[in-house]
Amino acid sequence: MATRHFLTLLDLTPDELDKVIQRAIELKAMRARGEVYEPMKSRVLGMIFEKSSTRTRVSFEAGMSQFGGSAIFLSPRDTQLGRGEPIEDSARVISRMLDIIMVRTFDHGQLERFAEYSQVPVINALTDDYHPCQLLADIQTYVEHRGSIRGKTVAWIGDGNNMCNSYINAARQFGFELRIACPEGFEPDAGLMAANADRVQLLRSPQEAVSGAHLVVTDVWASMGQEEEQAARMQAFAGFQVSPALMNGAAEDALFMHCLPAHRGEEISEDMLEDSRSVVFDEAENRLHAQKALMEFLLFGHR
Ligand code: CP
Ligand code: NVA
């Protein structure tokens, strides 16, 4: 079987994605029952992090341990990657020793190069352009709380960033309508928008975007690597804060999600995470279950 990678949501078919979500729900139930399931004994996951992380690191490492395998944390600060060893060489060396690799980096092109030279599955653990693992957890969370997301309306409020781009891919793969409200100059990838014009709409008003929506999602205004733009972005995004009042315009059973970390007083009001419509901590937990299902799929196919 050819090596399968997960660099964006488009690397799996809609049917494969649905099965991964169902499997994530099953793995979560197995863990809750205390069932020991160790299909990855003696398998090793490599975790390359060029950016900070709490959820991604903990969920991948814990997931691999629960599966009976182990994980190696690789930081550019103490590997030769940080001293300029070419990606092509690093990928070939590392992938000869490990079974599966996740990479969090800046340039999506570098991740694609790494995958091209890797002989084992490579997972995108966030690049400047995409964050597909987060979408697996988000969809799992929606399905657990409300059932299928097919045919529903999702509102993305704020920056047209890596998460927003992944929501556009998710709209395609999971079959929902996506309304994006962002300030001028902060739109998501234009090619992605054009390719999905039948299901994705760009708006300037958060109120209009959330109107009747079943799921409202936001993310930080300045992503990792954009720290020096923070002040300018605070000004540009004023008026794009998600609050319980904004949520009141959404559908009665609407949910709120945020991949975290969140900045209270910026993209969300002080009280948004504690609102009864917020499922952000279920969403964060589901990173564990969804990525276990993903790793199992990439290594063994469907179970
Ligand atoms: N949501 C997310 O990816 O969080 P971390 O940056 O903490 O991994
Ligand atoms: N858009 C954010 C997501 C963090 C999980 C970032 O890239 O920093």
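An account of the accompanying structure is given in this report.

The rules behind each value
- Note on numbering: residues in each chain are counted from 1, in written sequence order.
- For naming, the first written chain is A and the first written ligand is 1, with later ones following in the order written.
- The model is predicted, so local features are restricted to residues of pLDDT at least 70 and side-chain atom pairs to those at 80 or more, both for listing and for counting; the totals for chains, interfaces and linings are taken over all residues.
- Where side-chain values are given, they derive from all heavy atoms of the structure, hydrogens and water being excluded.
- Each helix is a run of H or I in the DSSP string that is no shorter than four residues. Each strand is a run of E no shorter than two, and both are numbered from the N terminus.
- Radius of gyration means the value over C-alpha atoms here, while the globule rule gives 2.2 Å times the residue count to the 0.38 power.
- Burial here depends on accessible area, computed with a 1.4 Å probe over protein chains only, as a share of the maximum for the residue type. Under 20% is buried, over 50% is exposed, and the range in between is partly exposed.
- Should any heavy atoms of two residues lie within 4.5 Å, those residues are considered in contact.
- Positive charges come from Lys and Arg, negative ones from Asp and Glu, while His and the chain ends are left out of the count.
- Every charge is mapped onto a representative atom, which is NZ of Lys, CZ of Arg, CG of Asp or CD of Glu.
- Following DSSP output, two strands are said to pair if at least two bridges run between them.
- Simply put, an axis is a line fit to the C-alpha atoms, just over the touching stretch for a helix, and the angle between two N-to-C directions goes from 0 to 180 degrees.
- Just to be clear on terms, a salt bridge is a Lys or Arg side-chain nitrogen sitting within 4 Å of an Asp or Glu carboxyl oxygen.

**Remarks on the overall build of the protein**
Part 1 of the argument: Secondary structure assignment for the protein yields 11 helices and 9 strands.
Part 2 of the argument: A compact globule built from 303 residues would reach a C-alpha radius of gyration of about 19 Å, and the protein, at 19 Å, matches this within 12%.
Part 3 of the argument: Along the three orthogonal principal directions, the C-alpha set of the protein runs to about 50 × 45 × 35 Å.
Part 4 of the argument: For the protein, buried positions account for 57% of its 303 residues.
Part 5 of the argument: Residue pairs at least 24 apart in sequence account for 72% of intrachain contacts in the protein once pairs closer than 6 positions are excluded.
Part 6 of the argument: Averaging the locations of the 30 positively and 44 negatively charged side chains of the protein gives two centres separated by 6 Å.

**Describing the sheet that holds strand β2 (residues 70-74)**
In sheet architecture, strand pairing relies on hydrogen bonds along the backbone and comes in two forms, parallel and antiparallel.
Part 1 of the argument: With parallel pairing, 4 strands are arranged side by side in an open sheet as β2-β1-β3-β4. Strands at the two margins of the open sheet, each flanked by one partner only, are β2 and β4 (122-124). In this sheet, neighbouring strand axes are inclined to one another by 20° on average, regardless of whether the strands run parallel or antiparallel.
Part 2 of the argument: Across 3 bridges, the pairing between strand β3 (residues 100-104) and β4 is parallel. Counted as the bridge partner of V103 is N124 from β4.

**A word on the pattern of salt bridges**
Part 1 of the argument: Here the structure, examined in full by the defined rule, presents 18 salt bridges.
Part 2 of the argument: Where D15 meets K19, a salt bridge forms, and the shortest distance between an N and an O atom there is 3.0 Å. Linking D15 with K19, this pair stays in helix α1 (residues 14-32), spanning 4 residues, or about one helical turn.
Part 3 of the argument: Exposure remark for K19: the relative accessible area of 40% places this residue in the partly exposed category.
Part 4 of the argument: Note that D128 and K51 form a salt bridge whose closest N and O atoms lie 2.6 Å from each other. Of the two residues, D128 is situated in the loop between β4 and α5 (132-146) and K51 in the loop between β1 (44-49) and α2 (55-66); the sequence distance between them amounts to 77 residues.
Part 5 of the argument: Overlapping salt bridges, with partners in common, bring together R23, E26 and E296 in one network.

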